[in-house]
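Read off the chains here:
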Amino acid sequence: QLQLVESGGGSVQAGGSLRLSCAQFGYIHSINSMAWFRQAPGKEREGVALIYTGGDMKYYGDSVRGRFTISHDKAKNTVYLQMNSVKPEDTAMYYCAADFRYSDPFFALRAPSRYNYWGQGTQVTVSS
């Protein structure tokens, strides 16, 4: 039905930038929203950014707002996460997720269990 494949992770120094990509394959038309989550070892999965298919409205977690930008290139079936001014606290495995159902943005960034499909993750490591 749907596959999500993340790429673009790597190691970067604090203050630097990375751009993560999430390529979509399959029944893309059913996607209501796309989100980026991240999880560091021993920590809970955290909502990073959210974008709705209809209207391209964007929402961000408090810790990344103003530094990260989510975008959607519909022609390429790809969602991006531009990460600027990265901090050591941003170190985590980053996952792309798709939800076929509508959720309000506040709930959508706080409930990873809602998402129907997930990518395999891409590691981001920020050194101080």
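As shown above, the structure is provided for reference.
This is a predicted model, so every value here is computed, not measured.

The rules behind each value
- Residues numbered from 1 in each chain as written.
- Predicted model: local features only at pLDDT ≥ 70, side-chain atom pairs only at ≥ 80, totals over all residues.
- Heavy atoms only, no water.
- Helix = DSSP H or I, 4+ residues; strand = E, 2+ residues; numbered from the N terminus.
- Rg over C-alpha atoms; globule rule 2.2 N^0.38 Å.
- Buried < 20%, exposed > 50% of the residue type's maximum accessible area, 1.4 Å probe, protein only.
- Core = buried A, V, L, I, M, F, W, Y, C linked by side-chain atoms within 4.5 Å.
- Contact = heavy atoms within 4.5 Å.
- Pairing = 2+ DSSP bridges.
- Axes fitted to C-alpha atoms, helices over the stretch in contact; angles between N-to-C directions.
- Polar contact = N/O pair within 3.5 Å; in protein donor to acceptor, adjacent residues only side chain to side chain.

## Quick look at the overall build of the chain
Here is step 1 of the chain: Across its full length, the chain carries one helix and eleven strands.
Here is step 2 of the chain: Helices (α) and strands (β) of the chain occur, in sequence order from the N terminus, as β-β-β-β-β-β-β-β-β-α-β-β.
Here is step 3 of the chain: For the chain, whose C-alpha radius of gyration is 13 Å, the value lies close to the compact-globule estimate of 14 Å for 128 residues.
Here is step 4 of the chain: Across its three principal axes, the chain shows a C-alpha extent of roughly 40 × 25 × 25 Å.
Here is step 5 of the chain: Here the chain holds 128 residues, and 44% of them are scored as buried.

## Side note on the nonpolar core
Here is step 1 of the chain: Counting residues in each nonpolar core, the largest one holds 27 residues, and the members touching the most others are Met34, Trp36, Leu81 and Tyr94.
Here is step 2 of the chain: Mapped onto this core, the elements with two or more residues apiece are strand S1 (2–7), strand S3 (18–26), strand S4 (33–39), strand S5 (46–52), strand S7 (68–73), strand S8 (78–83), strand S9 (92–99) and strand S11 (122–127).
Here is step 3 of the chain: Among the elements that take part in this core, S9 stands out by supplying four residues, more than any other.
Here is step 4 of the chain: In this view, Met34 contacts Leu4, Cys22, Gln24, Ala49, Leu50, Ile51, Ile70, Val79, Cys96, Ala97 and Ala98; residues no more than four positions away in its chain are not counted.
Here is step 5 of the chain: Residues Leu50, Ala108, Leu109 and Tyr115 belong to the second largest nonpolar core, which totals eight residues.

## Digging into the environment of Ala98
Here is step 1 of the chain: Within the element layout of this structure, Ala98 appears in strand S9.
Here is step 2 of the chain: Taking the C-alpha atoms as reference points, Ala98 and Gln3, 95 residues apart in sequence, are found 9.4 Å from one another.
Here is step 3 of the chain: Those residues in contact with Ala98 that sit more than four places away from it in its chain are Leu2, Leu4, Ile31, Ser33, Met34, Tyr115, Asn116 and Tyr117.

## Some thoughts on the sheet that holds S7
Here is step 1 of the chain: Reading across the sheet, the four strands line up as S1-S3-S8-S7 and stay open at both edges, with antiparallel pairing between neighbours. In this open sheet, the two strands that pair with only one neighbour each are S1 and S7. Across the sheet, the mean angle from the axis of one strand to that of its neighbour is 15°, orientation sign disregarded.
Here is step 2 of the chain: As judged from the six bridges shared by S1 and S3, these two strands associate in the antiparallel manner. Residue pairing in the sheet places Glu6 in a bridge with Cys22 of S3.

## Observations concerning the environment of Asn116
Here is step 1 of the chain: With respect to the helices, strands and loops of the structure, Asn116 is situated in the loop between helix H1 (105–108) and strand S10 (117–118).
Here is step 2 of the chain: A sequence separation of 92 residues divides Asn116 from Gln24, and the C-alpha atoms of the two residues are 13 Å apart.
Here is step 3 of the chain: Residue contacts for Asn116: discarding those within four places in its chain leaves Ala98, Asp99, Phe100 and Arg101.
Here is step 4 of the chain: A distance of 2.9 Å separates a polar atom in the side chain of Asn116 from the backbone nitrogen of Phe100.

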